[in-house]
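Listed here are the chains, written in short residue letters.
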Amino acid sequence: MADWDLSVTVEELGSEAPALSISVTSDLHIGGVILKLVEKTQIKRDWSDHALWWEQKQQWLLRTSWTLEKCEIHADASLVFMPQHKPLRLGLPNGATVRLQACFSGPVFRTLLGICRILNIRHPEELSLLRPLEEKKKKKERDALDEVYDLTEVPLASVSQACLYNGMPAHFADSPQTEAVYRMLSVPQPAPAPELISKQYRAASVVDKAHINSRWLDSSRSLLQQGVQENGRLWLRFKYSTFYNLEPLYDAVRLAQLYEQARWAVLLEDVDCTEEEMMLFGALQYHISKRSLSEPQTVTSNAAMDDLETALLSLEVKLDGDSSRKPKRLTLKGYKQYWFKFQDTGISYFKSKEESVGEPIQQIHLKGCEVAPDVNVAGQKFLIRLLIPAPEGMTEVYLRCENEEQYAHWMAACRLASTGRSLADSSFQSEIQSIRSFLAMQKTHGNSSVPAADDAINPHSLVSPRYQKKYKAKQLTQRILEAYQNVAQLSWNDALLRFLQIWQALPDFGLSYVVVRFKGSRKDEVLGIAPNRLIRIDLGVGDVVRTWRYNNMRQWNVNWDIRQVAIEFDGNVNIAFSCVTADCKIVHEFIGGYIFMSTRTKEQGDALNQELFHKLTGGHEAL
Amino acid sequence: MDDIDAMFSDLLGEMDLLTQSLGVENEPPNAITSPPEEVNLSPGFTDLNESLYELEDNDLDVLMADLMADLNATELKLAVDIENLKVPPSSSASQPPPATLPPAPQGLSSYDASILPSPVSLQGDVGTPSPSHQSPLPPPQHAKPSMEEIEAQIKADKIKMALEKLKEAKVKKLVVKVLIKDGSSKTLMVDERQNVRDVLDNLFEKTHCDCNVDWSLYETNPDLNLERGFEDHENLVEPLSGWTRDSENKLHFDEREDKYEVFKNPQNYYLWKKDKQTLKDMRDKDKELLIEENFCGTSIKVPDLEGALYLREDGKKSWKQKLFLLRASGIYYAPKGKSKTSRDLVCFVQFDNVNVYYAKDLKSKYKAPTDYCFVLKHPQIQKDSQYIKYLCCDDPWTLNLWVTGIRIAKYGAAFYNNYKTAVKKTSSGSAWANRITSSTGSSPSPAPSPSLSAKHASQANGHATKPQPGPVSQVRTDRANNYSLPPPPPLTHSSLPPPPPMQTSSLPPRLPPQARLPPKPACRGKQPPGPLPSPLPPPPPMDSLPPPPPPPPFPDDATEAPPDFLPPPPPMTSGPASPPVRPPVVAPPPRASFRGGSRNQSLPPPPPDPEFLPPPPPPISISSGGGGGAPPPPPPPPPSPPSGSSGRKTAPPPPRRTTPVLAGRGGGGGGGGDGEEGNFMSELMKAMNKKRGED
């Protein structure tokens, strides 16, 4: 067989170096080509990660046993010899950027599995990669701003096991730098500055939201095939809104990142919610950031220990409670001063301290009552508003405290009592602490331009721009504090899970939109893809016109030539549409992906059926 | 030292008196003649259900019989306690109290077998093995500990005992009369640690009814024309305590279809907009899928309800129509002229502090547009008030939708867990199981019709509609096992929770027979599910995509997990082997987990650590042979040794506020305990003084 020259660029030789020319025959297999090439470079190194990339055809030559002839490679081909793993800059849901080694040659789905293994995120099938939004800022400026967490040094071989060392996977425990990266990954970020929220791109309409979905990468093709370059920027996001088997014990990173994605979805109004829900989200964010500061590693406490401590604590606190007093001010209209005693879950009051040994004027049982603050730090107004249920209805009582400290103690006691807990409860101190910091929040942002203290949180950091505009910081603090009543007792993990639950319970949660044109229709409409159904939305009215559930689906097909998706449902219902804002492969992947998600079972545990995923989402690539 | 000893002797004496008096007062005849406070000596508790006074003689007889058994047991126990206390502490030959209390019976061996109490003793109550475990222990070792140690131990144990008695004294109890459909009634005593499920179980025993899931306890309030079914996880004493002294409220035991209808026919709630026929023809598998989607994920989904309801205007006698929407966070309405997008909605009520009630006959009472009304109010409100929100629906079905929707929003996972527990009860307890299981869609029959296919995957360019063979060769296994409702756990696994139905519903969209999709491991029947797949497995091998592993051959034994990866960090209870069966997110109610198949007793959560005692028994314990269903079953000892460790694998029990653990403070707690006693004591003294004054 005749020899001919094949020209191959070797990346290791630098971009200036000319392509190497090697003499080959058509029956030489790819492995043989690589061997010849390596000899010719005369470089001694580990070439095992290298592979040949065929530039004109934009494809990898990964089957080393195939001959050049079988690959249809002739003398005019220009090949590049390069590593399959290269650094990639990955924007995380929490806004941070990590730089890590990613596979540029395998299907993106497999690349994703590798990335999630490095980051220690379980159930990688729920995530995917997408192209970042066009940056308005200049690239250099942007690069300078970003702190990049580097994980490129993590040897890929070492991440095969998810064993924990010091509470983190072993490959993070290598150095202080990687430990810091793990903290960044597994602990939610502090509340963002309000300006950061308002400056971010917000999808204003369903159509805007639909455009976001055009940026998902094709999970069946490789990064390089999709034009992603070494050191390129991509985002890692949760794509499928079915979060399987969330387990705080193993899912530190997954939970933290999911929380971040949810938080930003709320802050940027990606998902609609009511004002009450926004305030609750705000309260939970507040709670979570506070707890993140105070208990970075949450220790699951022994229930029995808790109770024991509680029992020990009760005495001290009770004495404390007995000696506390709460004079209502005489000077203020409508307020009269009494001597107050807090006992168990109730308040008793007396005419004076001297009479406090006898029968109280009245006893108020606080269990089940509503406790609301009415505070103005600047005006030194510290009111506790109690709405106490009684057979005849609710009784409203205002208690006025003299100062912040007294307020914090009594407010904490009232809150605990309203949920049936006494002062002996172990959360009493933390409750006091959180009330203090709420007061601090009002102080720093309410009525002065004094820069925020380190641990103070600006309430405007906790809500979307709509509410930043609607409420002044002081009012907002009040609203968030009200919502806070019901979550103040949650542990860090529980607060995080609660946030996710409320997010997932929103009516619009989990809908991914694509603008489509239904067959036979003359106007664009929106297809909403949810974990369990497809919905058709009229763009003009914004109403849901139809709902089709996957469990009634008989089959779906994609005509890749005319790029049309056709779906058949039970009862001879057929729909077909072409996609306007996203490639039909993306829609196909969404549907197939959700069906894949629904096939996961407890029995299979964390084992992932990659082939099935590929078959359900691959389209003609899957052939 | 002497002072403290003296103090404790006094203290214990006082408390014995108190406990005894409590025991006597628990007797119905006394209850009838004495003010309610005395029945419940718990400080701070004032209201007792007036219906206690209305007990008829026959009620009393039954109750009496129940309680006598308890009382005998209590007296026996007390006798033993007192006996033990009388023994001079310095005599090393007899230090019974120390030995009776610590959970580890082997702890002190100086126990004098001759005064071992009957099975109904403190020992049994605190969860130690039966006395027979102790008797073989050789007594001779008693001389070893030094006097100081012994004294310290005695003191510590006295503290424990004191605390325990105090706690028992504080348990709130009510005698309630439950009306039954046939016009009869049952009278029982409930204590505040019992939830509605426990009381239902108790009533099942007493009434020999069919135990189906529809049996409910519900309250009626004739002043307000309201009624509300208690949820199974609720504590019964609490809402009853809110009744006023002169309340006409009644407690009923009856079947109510609406109690768990949403789990039998979820489509009627979650797809209510669809036409009636579609809903009626809904396949069982689709019902299961709905349950899974809405109740088995990380978040409970609330039916998407919206519609025009009439709202009773505050103070006025008029009703105004508004567009109301139900969300997980509350009920909202769309203000006039505004859209119904989320941000424009006005919050009408959130559910944290209110319950939902059916309201009857408001048409005549308040001129409501229809008689299909519901009410949201704080449970303690018993009279008409501006704080009660009245809403009126067009028809009974809408009413049912809203009330059920609100219950889902308010109770979330607990609601579904209650149902699962109720089903378990049914299937273990009666022949009616079939009816229930079929109605929950547990039909094992595979769906006959071809369905969603994976055919698309093999569609080549342009040949859109030509069906092709399914891509996956894996045969889906018959899921009959998965579907069947959890059977009563086999005895050997009695401490493992049966597979919650949750798993049954994780079915994928149905696929045509030739294109069966996901590999479904078939070994469910052999192996208790849960622990096996949960350990964090090594991530799938990354470097080779094909060939995919065949469906994992599931080892029959959980211990056969691949040896080359580290087990996940142990669950918080540090059980020896496996992580919790379920993530806590959707943990089934702990009680459910511990229910043995055979008895309806409620077990306490197993002690998380051997050093801690389980919650103390109620002051009245039933004799073990007690038939006829005595009121609060004492917590039996923790699961028997073989299953003991696996018992710990189950989801860790949440702390129960009603039974703060006091044991285990033991030796170390001397100093702190003193003061604390004093403080508790002051409350107790008050209570006792009050009582004496009234005598």
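Here is what the cut-offs are and how they apply
- Residues numbered from 1 in each chain as written.
- Chains lettered and ligands numbered in written order.
- Predicted model: local features only at pLDDT ≥ 70, side-chain atom pairs only at ≥ 80, totals over all residues.
- Heavy atoms only, no water.
- UniProt positions renumbered as here; feature names shortened; annotations may be inferred.
- Helix = DSSP H or I, 4+ residues; strand = E, 2+ residues; numbered from the N terminus.
- Buried < 20%, exposed > 50% of the residue type's maximum accessible area, 1.4 Å probe, protein only.
- Contact = heavy atoms within 4.5 Å.
- Areas by Shrake-Rupley, 256 points an atom, 1.4 Å probe, with all protein chains shown as cover.
- Phe/Tyr/Trp six-rings, centres within 6.5 Å; stacked < 30°, edge-to-face > 60°.
- Lys NZ or Arg CZ within 6 Å of the ring centre and 35° of its normal.
- Core = buried A, V, L, I, M, F, W, Y, C linked by side-chain atoms within 4.5 Å.
- Pairing = 2+ DSSP bridges.
- Axes fitted to C-alpha atoms, helices over the stretch in contact; angles between N-to-C directions.
- Parallel < 35°, antiparallel > 145°, perpendicular 65-115°, else oblique.
- Left-handed = near helix turned anticlockwise from the far one by under 90°.
- Nonpolar A, V, L, I, M, F, W, Y, C, P; charged D, E, K, R; others polar.
- pLDDT = per-residue confidence, 0-100.

Chain A has the name FERM domain containing kindlin 3 in an unreviewed UniProt entry, where Gadus morhua is given as its organism. UniProt annotates chain A under Sequence similarities (unreviewed entry) with the comment "Belongs to the kindlin family."

Participant: How would you sum up the overall build of chain B? Please name residues and give values.
Facilitator: Of regular secondary structure, chain B possesses 22 helices and twelve strands. Across the 695 residues that make up chain B, the buried fraction comes to 57%. By sequence separation, contacts in chain B at least 24 residues apart represent 69% of the contacts at least 6 residues apart. By element, 56% of the accessible surface of chain B is carried by carbon and sulfur atoms, the whole surface being about 28000 Å².

Participant: Can you tell me about the packing of aromatic side chains, naming the residues and giving the values?
Facilitator: Here the distance between the centres and the angle between the planes together describe a pair of aromatic rings. Residues and elements named next belong to chain B. Tallied over the entire structure, the rule returns 38 aromatic pairs over all chains. Within the aromatic cluster, the residues linked to one another by ring pairs are Tyr260, Phe263, Tyr270, Phe295, Phe415, Tyr416 and Tyr419. One Lys or Arg, arginine 228, reaches over the ring of tyrosine 357 and ends 5.8 Å from the middle of that ring.

Participant: How would you explain the nonpolar core if you had to name every residue and give the values?
Facilitator: Membership of the largest hydrophobic core comes to 121 residues, with the highest contact counts inside it found for Leu119(A), Leu129(A), Leu223(A), Trp503(A), Leu534(A), Ile567(A) and Phe577(A). Among residues more than four places away in sequence, those in contact with Trp503(A) are Phe243(A), Leu258(A), Ala262(A), Ala265(A), Val266(A), Val271(A), Phe281(A) and Phe509(A).

Participant: Account for the sheet that holds strand E14 (residues 346-350) of chain A, with residues named and values stated.
Facilitator: All names here are of chain A. Within the open sheet, the three strands sit side by side as E13-E14-E15. Their pairing is antiparallel. In the strand order of this sheet, the two ends are held by strand E13 (339-343) and strand E15 (362-365), each with one partner. Averaged over all adjacent pairs, the angle separating strand axes in this sheet is 20 degrees, with direction ignored. In this structure, E13 lies alongside E14, joined through five bridges in antiparallel fashion. Bridge pairing in E14 places glutamine 343 opposite glycine 346.

Participant: Go over the sheet that holds strand E8 (residues 330-334) of chain B, please, and point to the residues and values.
Facilitator: Residues and elements named next belong to chain B. Strand order across the open sheet formed by twelve strands is E2-E1-E5-E3-E4-E10-E11-E12-E6-E7-E8-E9, with mixed pairing between neighbours. Every interior strand has two partners, whereas the edge strands, strand E2 (185-191) and strand E9 (346-349), have only one. Averaged over all pairs of adjacent strands, the angle between their axes in this sheet comes to 40 degrees, without regard to strand direction. Sheet analysis places strand E7 (residues 319-327) next to E8, joined by five bridges and oriented antiparallel.

Participant: I'd like a rundown of the packing of helix H7 (residues 252-267) of chain A against helix H14 (residues 492-505) of chain A, residues and numbers included.
Facilitator: Geometrically, a packed helix pair is captured by the angle between its two axes and the distance between the axes. Residue and element names in this part refer to chain A. Remark: H7 packs on H14, axes separated minimally by 10 Å, with the N-to-C direction vectors making an angle of 45 degrees. In terms of axis orientation, H7 runs oblique to H14. As H7 runs across H14, the sense of the crossing is left-handed. Residues Leu255, Leu258, Tyr259, Ala262, Arg263, Ala265 and Val266 of H7 form the contact with H14, whose participating residues are Leu496, Leu497, Phe499, Leu500 and Trp503. Broken down by class, the residue content of the contact of H7 with H14 amounts to eleven nonpolar, no polar and one charged.

Participant: Residue-level account of the confidence of the model for chain B, with values.
Facilitator: Residues and elements named next belong to chain B. Of all residues in chain B, 40% attain a pLDDT of 70 or more, and the chain-wide mean is 62. Low confidence marks residues 87-142, where pLDDT is under 50. Its contacts with residues over four positions away, or in another chain, come to 97 contacts. Here residues 431-678 is modelled with pLDDT under 50, and outside its nearest four sequence neighbours on either side it reaches 511 contacts, counting other chains as well. What the predictor reports for the complex is a pTM of 0.68 with an ipTM of 0.83.

Participant: Any details on the confidence of the model for chain A? Residues and values, ideally.
Facilitator: Residues and elements named next belong to chain A. Residues of chain A with pLDDT of at least 70 account for 87%, and the chain-wide mean is 84. Note that residues 295-332 has pLDDT below 50 and, in this model, 82 contacts with residues that lie over four places away or in other chains. Ignoring residues within four places in sequence, the model shows residues 446-454, a span with pLDDT below 50, making ten contacts including any to other chains.

Participant: Which residues make up the pairing of strand E19 (residues 512-518) of chain A, and what are the values?
Facilitator: Residue and element names in this part refer to chain A. Among the seven residues of E19, six are classified as buried, and the element is accordingly described as predominantly covered. As judged from the five bridges shared by E19 and strand E20 (residues 525-529), these two strands associate in the antiparallel manner. Across the sheet, the residue bridging to valine 514 is leucine 527, located in E20. Across three bridges, E19 lies against strand E25 (residues 573-579) in antiparallel orientation. Counterpart to valine 516 in the pairing with E25 is cysteine 579.

Participant: Go over the pairing of strand E24 (residues 564-569) of chain A, please, and point to the residues and values.
Facilitator: Residue and element names in this part refer to chain A. In terms of burial, E24 is largely enclosed, as five of its six residues are buried. Here strand E23 (residues 553-559) pairs with E24 via six bridges, running antiparallel. Across the sheet, residue glutamine 555 finds its bridge partner in E24, namely glutamate 568. Hairpin connection of E23 to E24: four residues between the antiparallel strands, including arginine 563 at a positive phi of 50 degrees. One ladder, built from six bridges, connects E24 with E25; its direction is antiparallel. Within E25, the residue paired with glutamine 564 across the bridge is serine 578. Between the end of E24 and the start of E25, which pair antiparallel, lie three residues, with glycine 571 showing a positive phi angle near 75 degrees.

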